[in-house]
Amino acid sequence: MMKKQLVTMNINGENMDLRVAPNDVLVEVLRKEANLTGTKKGCGQGDCGACTVIIDNKAVLSCLTLAMSAAGREITTIEGIADHKTGEMNAIQKSFLNHGAVQCGYCTPGMIMSSYNLLKNKPNPTRQEIRRALSGNLCRCTGYILILEAVQACAAEGGVN
Ligand code: FES
Ligand code: FES
């Protein structure tokens, strides 16, 4: 096992000193060292998108990202998009709930982070652009239509906060 060392990571706007080994992937560090278990690990090999987080404005797969490589960059997880002060859900989270786009919920944090990042960077995406942004996120339950509708409705209602 490689030796862990203390690394300062910026997660959801907060600097955290975490124990990280050179070969640790980000999803494990988020879940086990930072106790941010909202980010899910599905396949662990880049196929399902459950582990999606945002690093410096880009949606990335945290199961394929070395934690060390994310040090010094801005990491946003599902825990970071609700209102910091009130705890109120982000508009995209509400839209998923309102449209029945959540069933077992395992894919949901990844779906939401991909959707959130899309709407941040492109407030009025076409259906095709939404499909493309979510193409790396797999869902076994919903059949995708309700998810697409949730994203589209969120955009139409003023986008993400
Ligand atoms: S857990 Fe990362 S893509 Fe499946
Ligand atoms: S809601 Fe179950 S995998 Fe998507």
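Residues numbered from 1 in each chain as written. Chains lettered and ligands numbered in written order. Predicted model: local features only at pLDDT ≥ 70, side-chain atom pairs only at ≥ 80, totals over all residues.

## Considering the domain arrangement of the protein chain
So, step 1. Per the domain assignment, the segments of the protein chain are domain 1 (5-80) and domain 2 (91-156).
So, step 2. The distance between the C-alpha centroids of domain 1 and domain 2 comes to 21 Å.
So, step 3. On the domain 2 side, the residues contacting the 14 residues of domain 1 number 12 residues.
So, step 4. Looking at the side of domain 1 that touches domain 2, its residues break down into 7 nonpolar, 6 polar and 1 charged. (Domains from an automatic or database assignment. Contact = placed C-beta atoms within 7 Å. Nonpolar A, V, L, I, M, F, W, Y, C, P; charged D, E, K, R; others polar.)

## Description of helix H1 (residues 26-33)
So, step 1. Within the span of H1, buried status applies to Leu26, Val27, Val29 and Leu30.
So, step 2. For H1, the elements touching its buried residues are strand E2 (14-20) and helix H2 (67-70).
So, step 3. Backbone geometry just after H1 places Asn35 at a positive phi near 60°. (Buried ≥ 20, exposed ≤ 12 C-beta atoms within 10 Å, placed from the backbone. Helix = DSSP H or I, 4+ residues; strand = E, 2+ residues; numbered from the N terminus.)

## Focus: the sheet that holds strand E3 (residues 52-55)
So, step 1. With mixed pairing, 5 strands are arranged side by side in an open sheet as E2-E1-E5-E3-E4. Strand pairing shows two members of the sheet lacking a second neighbour, E2 and strand E4 (58-61), which therefore form its edges. The mean inter-strand angle of the sheet, taken between neighbouring strand axes irrespective of direction, is 45°.
So, step 2. Sheet analysis places E3 next to strand E5 (residues 74-76), joined by 2 bridges and oriented antiparallel. (Pairing = 2+ DSSP bridges. Axes fitted to C-alpha atoms, helices over the stretch in contact; angles between N-to-C directions.)

## Considering the packing of helix H3 (residues 91-98) against helix H4 (residues 108-121)
So, step 1. In the contact formed by H3 and H4, the axes pass within 10 Å of each other and the chain directions differ by 125°. Considering the angle they form, H3 stands oblique to H4. You can see that H3 and H4 cross each other, and the crossing is right-handed. On the side of H3, the interface is formed by Ile92, Gln93 and Phe96, while H4 contributes Thr108, Ile112, Ser115, Tyr116 and Leu119. (Parallel < 35°, antiparallel > 145°, perpendicular 65-115°, else oblique. Left-handed = near helix turned anticlockwise from the far one by under 90°.)

## Overview of the packing of H3 against helix H6 (residues 145-156)
So, step 1. Between H3 and H6, whose axes approach to 8 Å, the crossing angle comes to 135°. Classified by the interaxial angle, the pair formed by H3 and H6 is oblique. Classified by chirality, the crossing of H6 by H3 is right-handed. Contacts between H3 and H6 involve Ala91, Ile92, Ser95 and Phe96 from the former and Ala150, Ala153 and Cys154 from the latter.
So, step 2. Its residues assigned to classes, the contact of H3 with H6 shows 6 nonpolar, 1 polar and no charged.

## Brief notes about unusual backbone geometry
So, step 1. Positive phi is not limited to glycine here, since Asp56 has a value of about 45°.
So, step 2. Although it is not a glycine, Tyr144 sits at a positive phi angle of roughly 75°.
So, step 3. Inspection of the secondary structure puts Tyr144 in the loop between helix H5 (127-133) and H6.
So, step 4. In this structure Tyr144 comes out as partly exposed when scored by C-beta crowding, with 15 C-beta atoms within 10 Å.

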